[in-house]
Amino acid sequence: QVQLVESGGGAVQAGGSLRLVCTASGYSISSYSMGWFRQGPGKEREGVAVCDSHGSTAYVGSVNGRFTISKDNLKNTLYLHMNSLKPEDTAMYYCAADGIMRWPLVPSDFNYWGQGTQVTVSS
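The structure reproduced in this document is the subject of the present report. (Residues numbered from 1 in each chain as written. Predicted model: local features only at pLDDT ≥ 70, side-chain atom pairs only at ≥ 80, totals over all residues. Heavy atoms only, no water.)

Attention now moves to the overall build of the protein. A count of helices and strands for the protein gives zero helices and 11 strands. For the protein, the α and β elements follow one another from N to C terminus as β-β-β-β-β-β-β-β-β-β-β. The C-alpha atoms of the protein give 13 Å as radius of gyration, which agrees with the globular expectation for 123 residues (14 Å, within 12%). Its C-alpha atoms give the protein principal-axis dimensions of about 40 × 25 × 25 Å. The 123 residues of the protein split such that 43% are buried. (Helix = DSSP H or I, 4+ residues; strand = E, 2+ residues; numbered from the N terminus. Rg over C-alpha atoms; globule rule 2.2 N^0.38 Å. Buried < 20%, exposed > 50% of the residue type's maximum accessible area, 1.4 Å probe, protein only.)

Side chains Thr 117, Val 119 and Val 121 project from strand 11 (residues 117-122) onto a buried face, and the interleaved Gln 118, Thr 120 and Ser 122 project onto a face without burial. Pairing of strand 2 (residues 10-13) with strand 11 involves four bridges; the strand directions are parallel. Note that in strand 11 the partner of Ala 11 across the bridge is Thr 120. Pairing geometry for strand 9 (residues 91-99) and strand 11, over three bridges, is antiparallel. (Pairing = 2+ DSSP bridges.)

Turning our eyes to something else, we now look at the state of the cysteines. Summed over the entire model, instances satisfying the criterion amount to one disulfide. In this model Cys 22 forms its disulfide with Cys 95; the gap between the sulfur atoms is 2.1 Å. Sign of the S-S torsion, about -75 degrees for the bond between Cys 22 and Cys 95, identifies this disulfide as left-handed. One end of the pair, Cys 22, is in strand 3 (residues 18-25); the other, Cys 95, is in strand 9, and 73 residues separate them in sequence. Residue classification places Cys 22 among the buried residues on the basis of a relative accessible area of 0%. For Cys 95, a relative accessible area of 0% corresponds to the buried category. Cysteine Cys 51 remains unbridged, with the sulfur of Cys 95 as its closest cysteine sulfur at 11 Å. For Cys 51, a relative accessible area of 4% corresponds to the buried category. (Disulfide = S-S within 2.5 Å.)

Turning next to the side chain of Arg 66. Position of Arg 66 among the secondary structure elements: in the loop between strand 6 (57-59) and strand 7 (67-72). A distance of 2.9 Å separates the side chain of Arg 66 from the backbone oxygen of Ser 62, its partner in a polar contact. The contact partners of Arg 66, leaving out residues within four places of it in the chain, are His 81, Met 82, Asn 83, Ser 84, Leu 85, Lys 86 and Asp 89. (Polar contact = N/O pair within 3.5 Å; in protein donor to acceptor, adjacent residues only side chain to side chain. Contact = heavy atoms within 4.5 Å.)

Looking now at the nonpolar core. Membership of the largest hydrophobic core comes to 28 residues, with the highest contact counts inside it found for Met 34, Leu 80, Met 82 and Tyr 93. Core analysis: the second largest hydrophobic core is formed by five residues, Phe 37, Val 50, Ala 96 and Leu 105 among them. (Core = buried A, V, L, I, M, F, W, Y, C linked by side-chain atoms within 4.5 Å.)

Glancing now at unusual backbone geometry. Cis geometry marks the peptide bond from Trp 103 to Pro 104; its omega dihedral reads 0 degrees. In the Ramachandran plot, Asn 76 falls in the positive-phi region, its phi being about 55 degrees despite a non-glycine side chain.

Attention now moves to the environment of Ala 14. Inspection of the secondary structure puts Ala 14 in the loop between strand 2 and strand 3. A residue is classified by how much of its surface remains accessible, and Ala 14, at 42% relative accessible area, is partly exposed. It is 5.7 Å that separates the C-alpha atoms of Ala 14 and Ser 122, two residues lying 108 residues apart in sequence. Those residues in contact with Ala 14 that sit more than four places away from it in its chain are Leu 85, Pro 87, Val 121, Ser 122 and Ser 123.

See the structure below:
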């Protein structure tokens, strides 16, 4: 049974930081691309960051320089470090696994999804 569980979301003031964590079970994250997506109210699901099996990363322009995606293959865990948060970053953030590298990221390219963790940034 493949499971992805996100944690680390919460409510912060603008300029604050959060670290999102995605723990995976039932497969190894090392062989495929993994990504973070987000979806705000009334908006389409947007690819935020991706890390492929070789460690290459890519980001949507609005978070480039503020967010960092990383992974620990031994712990089978994916991270998203978010700095200098802005109100427009407010969204439900989802971890996605067993995908492919294609930009912009396509949600249907990823086979497994977590339940999401809410990030709320106040001004």
